[in-house]
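What follows is each chain in one-letter form.
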Amino acid sequence: MKQTILTTNEVAAKFIELCRQDKFYEVQTELYAENCISIEANDFLLPKTVEGLQEILKKSQLFESLVEQVHERIISDPVIGGDYFSVSWSADMTFKEQERFTMEEICVYKVHEGKIVFEQFFY
């Protein structure tokens, strides 16, 4: 049986749907390629570059372990161009032993053969 490959629009729509439900693990395990690359804006809290789904999952666990409380998360609708889509995130949160603040970022994703193969964050 032939597997259906999602388009960039379909991946972006599913990504937004799951993120708005705070299902971040599902986003990564369902939509990311095994060889995905993730690039942060800096290495202040997290590794700047990680490669592979397992390393991205570890990075996500590390991030969650640093957060004391998420007060609100807002994700925009996606902007799609070819194999890429981008979203803006606003996250009002308190990190452990830190003051509460709002983090604003732009996230860019590349889709290849129905999976996210690259992500980069600008904040």
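What counts and what doesn't
Residues numbered from 1 in each chain as written. Predicted model: local features only at pLDDT ≥ 70, side-chain atom pairs only at ≥ 80, totals over all residues. Heavy atoms only, no water. Phe/Tyr/Trp six-rings, centres within 6.5 Å; stacked < 30°, edge-to-face > 60°. Helix = DSSP H or I, 4+ residues; strand = E, 2+ residues; numbered from the N terminus. Buried < 20%, exposed > 50% of the residue type's maximum accessible area, 1.4 Å probe, protein only. Arc of directions from axis to C-beta. Contact = heavy atoms within 4.5 Å. Pairing = 2+ DSSP bridges. Axes fitted to C-alpha atoms, helices over the stretch in contact; angles between N-to-C directions. Parallel < 35°, antiparallel > 145°, perpendicular 65-115°, else oblique. Left-handed = near helix turned anticlockwise from the far one by under 90°. Nonpolar A, V, L, I, M, F, W, Y, C, P; charged D, E, K, R; others polar.

Outline the packing of aromatic side chains, listing residues and values.
According to the stated counting rule, one finds seven aromatic pairs in the structure shown. Here Phe15 and Phe85 contribute two aromatic rings whose centre-to-centre distance is 5.4 Å and whose plane-to-plane angle is 70 degrees, an arrangement assigned as edge-to-face. Linking Phe15 in helix α1 (residues 8-20) with Phe85 in strand β5 (residues 84-95), this pair joins segments that are 70 residues apart in sequence. Grouping residues by exposure puts Phe15 and Phe85 together as buried. Ring centres of Phe95 and Phe101 lie 5.6 Å apart, and the angle between their planes is 25 degrees; on these two criteria the pair is classed as stacked. Judged by relative accessible area, which is 34%, Phe101 ranks as partly exposed.

Which residues make up unusual backbone geometry, and what are the values?
Phi at Asp22 takes a positive value of approximately 60 degrees, unusual for a residue other than glycine. Phi is positive for Glu97, which is not a glycine, with a value near 60 degrees. Secondary-structure assignment places Glu97 in the loop between β5 and β6 (100-112). Looking at Glu97, the relative accessible area reads 78%, which means it is exposed.

So what about helix α2 (residues 24-31)? Which residues, and what values?
Within the sequence span of α2, burial applies to Val27, Gln28 and Leu31. Buried residues of α2, viewed axially, fall in a sector of 105 degrees; they line one side. Considering only its buried residues, α2 is in contact with α1, β1 (32-39), α3 (53-66) and β7 (115-122).

Could you give an account of the pairing of β5, with specific residues and numbers?
When you tally the buried positions in β5, you get nine out of 12 residues, the bulk of the element. Where strand β3 (residues 67-75) meets β5, seven bridges bridge the pair, whose relative direction is antiparallel. Following the sheet pairing, Ile74 is matched in β5 by Ser90. As paired elements, strand β4 (residues 79-81) and β5 share three bridges and run antiparallel to each other. What sits directly across from Val79, in β5, is Ser86. Where β4 folds back on β5, the antiparallel hairpin that results is connected by two residues, among which Gly82 adopts a positive phi of roughly 60 degrees. The hairpin turn running from β5 into β6, its antiparallel successor, is four residues long, and Glu97 in that turn takes a positive phi close to 60 degrees.

Account for the packing of α1 against α2, naming residues and giving values.
Look at α1 against α2: their axes get within 8 Å of each other, and the N-to-C directions meet at 155 degrees. Classified by the interaxial angle, the pair formed by α1 and α2 is roughly antiparallel. At the point where α1 passes α2, the crossing takes the right-handed sense. Across from Val11, Lys14, Phe15, Leu18 and Cys19 in α1, the residues of α2 making contact are Phe24, Glu26, Val27, Glu30 and Leu31. Partitioning the contact of α1 with α2 into residue classes produces seven nonpolar, no polar and three charged.

In short, shape yes, function no, at least from these values alone.
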